[in-house]
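Single-letter residue listing:
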Amino acid sequence: DADALPNVAQFECSADGRCEWVSARWLEWGEMHDRSAALGFGWVNGIHPEDRAMVRREWESAVAEARDYELEYRMVSGRRVLGRGIPVFGPDREILSWVGTIESVD
């Protein structure tokens, strides 16, 4: 179960960094009621308005550079989280997708 750990939310993205899935806990912390609203780059709306530009900039940089992503920020709910994402590589070292977590640091 994706929401078995009480202080961790999960996400999955396509190779180009667009969100394809978020866990129910991610939706809760981002105060989003419809999973489809988080798809693509809609997830940015679950980030605190003052942190959105920084989070999106760092995410896009990590995706462009095919490197791990790690950043502390606030969700819309005010919860402070540590976001982490890693690329999933195929046999030819091409990025197949991204997986990640956000962990409450409150």
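Here, the structure is the one placed above.
Bear in mind that the values here come from a model prediction, so they are computed numbers and not experimental data.

A. Summary view of the overall build of the chain. The number of helices and strands found in the chain is two helices and five strands. Taken from N to C terminus, the helices and strands of the chain fall in the order β-β-α-α-β-β-β. In terms of overall dimensions, the chain has C-alpha extents of about 40 × 30 × 25 Å along its principal axes. For the chain, the proportion of its 106 residues judged to be buried stands at 44%. Across the chain, every contact between residues at least 6 apart in sequence was considered, and the portion connecting residues at least 24 apart equals 37%. Carbon and sulfur atoms form 48% of the exposed surface of the chain, whose accessible area is close to 5,700 Å².

B. Just the environment of Leu27, in detail. Mapping Leu27 onto the fold places it in helix 1 (residues 24-29). According to the relative accessible area criterion, Leu27 is buried, its value standing at 10%. Separated by 16 residues in the primary sequence, Leu27 and Trp43 have C-alpha atoms spaced 9.0 Å apart. Not counting chain neighbours up to four residues away, the residues in contact with Leu27 comprise Val22, Met32, Asp34, Arg35 and Ala38.

C. Seen up close, the packing of aromatic side chains. Under the counting rule described, the total for this entry stands at three aromatic pairs. Centre to centre, the rings of Phe11 and Trp59 are 5.9 Å apart; their planes meet at 80 degrees, and the pair counts as edge-to-face. One end of the pair, Phe11, is in strand 1 (residues 8-14); the other, Trp59, is in helix 2 (residues 52-65), and 48 residues separate them in sequence. Given a relative accessible area of 3%, Trp59 falls into the buried group.

D. Local environment of the sheet that holds strand 5 (residues 95-104). Taking strand neighbours across the sheet as the criterion, the five strands line up as 2-1-5-4-3 in an open arrangement whose pairing is antiparallel. Of all strands in the sheet, those bounded by a partner on one side alone are strand 2 (19-22) and strand 3 (69-74). Sheet twist, expressed as the average angle between the axes of neighbouring strands with direction ignored, equals 20 degrees. In this structure, strand 3 lies alongside strand 4 (residues 80-89), joined through six bridges in antiparallel fashion. Each residue of the ladder has a partner; that of Glu72, found in strand 4, is Leu82. With respect to the sheet, helix 2 is in contact with strand 1, strand 3 and strand 5, its orientation differing from that of strand 3 by roughly 170 degrees.

E. Molecular detail of the side chain of Ser104. Along the chain, Ser104 turns up in strand 5. By relative accessible area, which is 12% here, Ser104 ends up buried. From its side chain, Ser104 meets the backbone nitrogen of Asp106 in a polar contact 3.5 Å long. In this structure, Ser104 is in contact with Asn7, Trp29, Arg79, Arg80 and Val81, ignoring residues within four places of it in sequence.

Criteria and cut-off values
- Residues numbered from 1 in each chain as written.
- Predicted model: local features only at pLDDT ≥ 70, side-chain atom pairs only at ≥ 80, totals over all residues.
- Heavy atoms only, no water.
- Helix = DSSP H or I, 4+ residues; strand = E, 2+ residues; numbered from the N terminus.
- Buried < 20%, exposed > 50% of the residue type's maximum accessible area, 1.4 Å probe, protein only.
- Contact = heavy atoms within 4.5 Å.
- Areas by Shrake-Rupley, 256 points an atom, 1.4 Å probe, with all protein chains shown as cover.
- Phe/Tyr/Trp six-rings, centres within 6.5 Å; stacked < 30°, edge-to-face > 60°.
- Pairing = 2+ DSSP bridges.
- Axes fitted to C-alpha atoms, helices over the stretch in contact; angles between N-to-C directions.
- Polar contact = N/O pair within 3.5 Å; in protein donor to acceptor, adjacent residues only side chain to side chain.

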